[in-house]
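# Architecture at a glance
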Amino acid sequence: MNDLLEHARLAEGEQSAAPATAPSVKQAEKIAYENNKLHKRLCRLTGQAIGDYNMIEDGDKVMVCLSGGKDSYALLDILLTLRERAPIHFDIIAVNLDQKQPNFPADVLPAYLEKLGVAYYIENQDTYSIVKRVVPEGKTTCALCSRLRRGILYRVATELGATKIALGHHRDDILETFFLNMFFGGKLKGMPPKLQSDDGKQIVIRPLAYVKEADLTRYAEVKEFPIIPCDLCGSQENLQRKQIKGLMREWEKKFPGRVDNIFAALSTVAPSHLMDRKLFDFANLKATGEADANGDIAFDEEPCSTGNSHVISLHLDT
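Right, let's walk through the structure included here. (Residues numbered from 1 in each chain as written. Predicted model: local features only at pLDDT ≥ 70, side-chain atom pairs only at ≥ 80, totals over all residues. Heavy atoms only, no water.)

## Structural notes on the packing of aromatic side chains
Evaluation of the coordinates by the stated rule reveals 10 aromatic pairs. Where Y112 meets F225, the ring centres are 6.4 Å apart and the plane angle is 90°; that geometry is what we call edge-to-face. Separated by 113 residues along the polypeptide, Y112 in helix α4 (residues 108-116) and F225 in the loop between α8 (213-223) and α9 (240-254) bring together distant segments of the chain. Ring geometry for F280 versus F282: centroids 4.9 Å apart, planes at 65°, classification edge-to-face. What links up through ring pairs into an aromatic cluster is the set Y73, Y112, Y219 and F225. The ring of F263 is capped by R171, whose NZ or CZ atom sits 5.9 Å from the centre of that ring. Positioned over the ring face of F255 is R258, at 4.1 Å from the centre of the ring. (Phe/Tyr/Trp six-rings, centres within 6.5 Å; stacked < 30°, edge-to-face > 60°. Helix = DSSP H or I, 4+ residues; strand = E, 2+ residues; numbered from the N terminus. Lys NZ or Arg CZ within 6 Å of the ring centre and 35° of its normal.)

Below, the structure written as structure tokens:
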């Protein structure tokens, strides 16, 4: 508060304190109000995702993977808040994988977690050297780094007795992964809010699945998290994910609401209107003689039509 007042006085060229004080107090109150709204929204969306996918159950031990980035800090912060309010009991342990990246400040996370009073564990594994040795210069390191990190975290979760592994992926990560798989992998595959781990021993959850990255960026600034940059992948340019991120940003700028619609589509799938024979038995499809809401009626109206929006709404709700 004092800093805001001082800033206002300097902006007015050291004029009298009386006219500068009132706007500064009002501005501070507005900032506090907006920050509180942000925190409530993050808690609401995270709680909604947890409930929708039954991510956390009574007696769970949730291993929160803390990388030192804004997303994992926010995840831990919000889960700690929700734990205080939850009608069930679950434990939280923060886990960081120190990959021995150059200039990694190893003291930052322990100091932060001890200040919070959160149980934590630091796993030391030099995956940085492995990635730099194996991946040719100029090639992206994300895939190998991710596989190595995932395997280590699965093992640590088993050793710690964790029943859930919580990752800090948000809504934008999920959408970007969907487009990456579609554009570059030829698959309709995303990043689900909840899934079984590769080794089949744990359940991986993404409680921030409904949260926008922009909100997490702002929240990190509000909370002043001690962000630790990634020197391995963060310094790489022209990654395919960055291209997708730019595409989504351009869409949202030109066509507000388009990204929201795409995200909603991920949970509104009609297998009979795609082409995957493993999801729908096209070979044995027969005419029943009865009307079917999932039949060709779905194409009676174009989804971009404005004259029959009520019909479109009904189609989207089914």
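Text resumes after the structure shown.
## Here's the deal with α9
Taking 1.5 Å of rise per residue, the 15 residues of α9 would be expected to cover 21 Å, and the 21 Å separating its terminal C-alpha atoms lies within 8% of that figure. Along its buried surface, α9 packs onto α7 (171-185) and α10 (258-265). (Expected span 1.5 Å × (residues − 1). Contact = heavy atoms within 4.5 Å.)

## Remarks on a nonpolar patch on the surface
A contiguous nonpolar patch, built from M182, F183, F184, L188, L247, V269 and L274 and spanning about 610 Å² of accessible area, is present on the exposed surface. Here the element with the most residues in the nonpolar patch is α7; it accounts for three residues. Checked against the element boundaries, L247 lands in helix α9. (Patch = residues over 30% accessible without salt bridge, like charges linked within 9 Å, V, L, I, M, F, W, Y side chains within 5 Å. Areas by Shrake-Rupley, 256 points an atom, 1.4 Å probe, with all protein chains shown as cover. Salt bridge = Lys/Arg side-chain N within 4 Å of Asp/Glu carboxyl O.)

## Comments concerning the packing of helix α3 (residues 70-85) against α8
In the contact formed by α3 and α8, the axes pass within 9 Å of each other and the chain directions differ by 75°. As far as their axial angle goes, α8 and α3 are roughly perpendicular. Across from K70, D71, A74 and D77 in α3, the residues of α8 making contact are E213, L216, T217, Y219, A220 and K223. Its residues assigned to classes, the contact of α3 with α8 comprises four nonpolar, one polar and five charged. (Axes fitted to C-alpha atoms, helices over the stretch in contact; angles between N-to-C directions. Parallel < 35°, antiparallel > 145°, perpendicular 65-115°, else oblique. Nonpolar A, V, L, I, M, F, W, Y, C, P; charged D, E, K, R; others polar.)

## Here we look at the pattern of salt bridges
A full pass over the atoms with the stated rule returns 15 salt bridges. A salt bridge links K164 to D60, with the nearest nitrogen and oxygen atoms 2.7 Å apart. Highlighted residues: K164 in strand β4 (residues 164-166) and D60 in the loop between α2 (17-52) and β1 (61-65), separated in sequence by 104 residues. Neither residue differs from the other here; K164 and D60 are each classed as buried. A salt bridge links K245 to E176; the nearest nitrogen and oxygen atoms lie 2.8 Å apart. Taken together, the residues K245 in helix α9 and E176 in helix α7 connect sequence positions 69 residues apart. Judged by its relative accessible area of 24%, K245 is partly exposed. Given a relative accessible area of 1%, E176 falls into the buried group. Salt bridges here are not isolated pairs; linked through shared partners, they connect K70, D71, E176, E213, R241 and K245. (Buried < 20%, exposed > 50% of the residue type's maximum accessible area, 1.4 Å probe, protein only.)

## Observations regarding the pairing of strand β2 (residues 91-98)
Of all eight residues in β2, seven are buried; the element is thus mostly enclosed. Examined bridge by bridge, β1 and β2 share five bridges and lie parallel to one another. By the bridge assignment, V64 is partnered in β2 with A94. The β-α-β motif built from β1, the intervening α3 and the parallel element β2 has right-handed crossover chirality. Across five bridges, the pairing between β2 and strand β3 (residues 120-124) is parallel. Of the residues in β3, the one forming a bridge with D98 is N124. Regarding the hand of the β-α-β motif, the stretch spanning β2, α4 and β3 is right-handed. (Pairing = 2+ DSSP bridges. Right-handed = clockwise from strand over helix to strand, strands pointing away.)

## Notes on the sheet that holds β4
On the basis of which strands lie adjacent, the open sheet formed by six strands has the order β3-β2-β1-β4-β6-β5 and mixed pairing. A single partner strand is all that each edge strand has here, and the edge strands are β3 and β5 (194-196). The mean angle between the axes of side-by-side strands here comes to 25°, regardless of whether they run parallel or antiparallel. Sitting on the sheet, α4 touches β2 and β3, and the angle it makes with β3 is about 170°.

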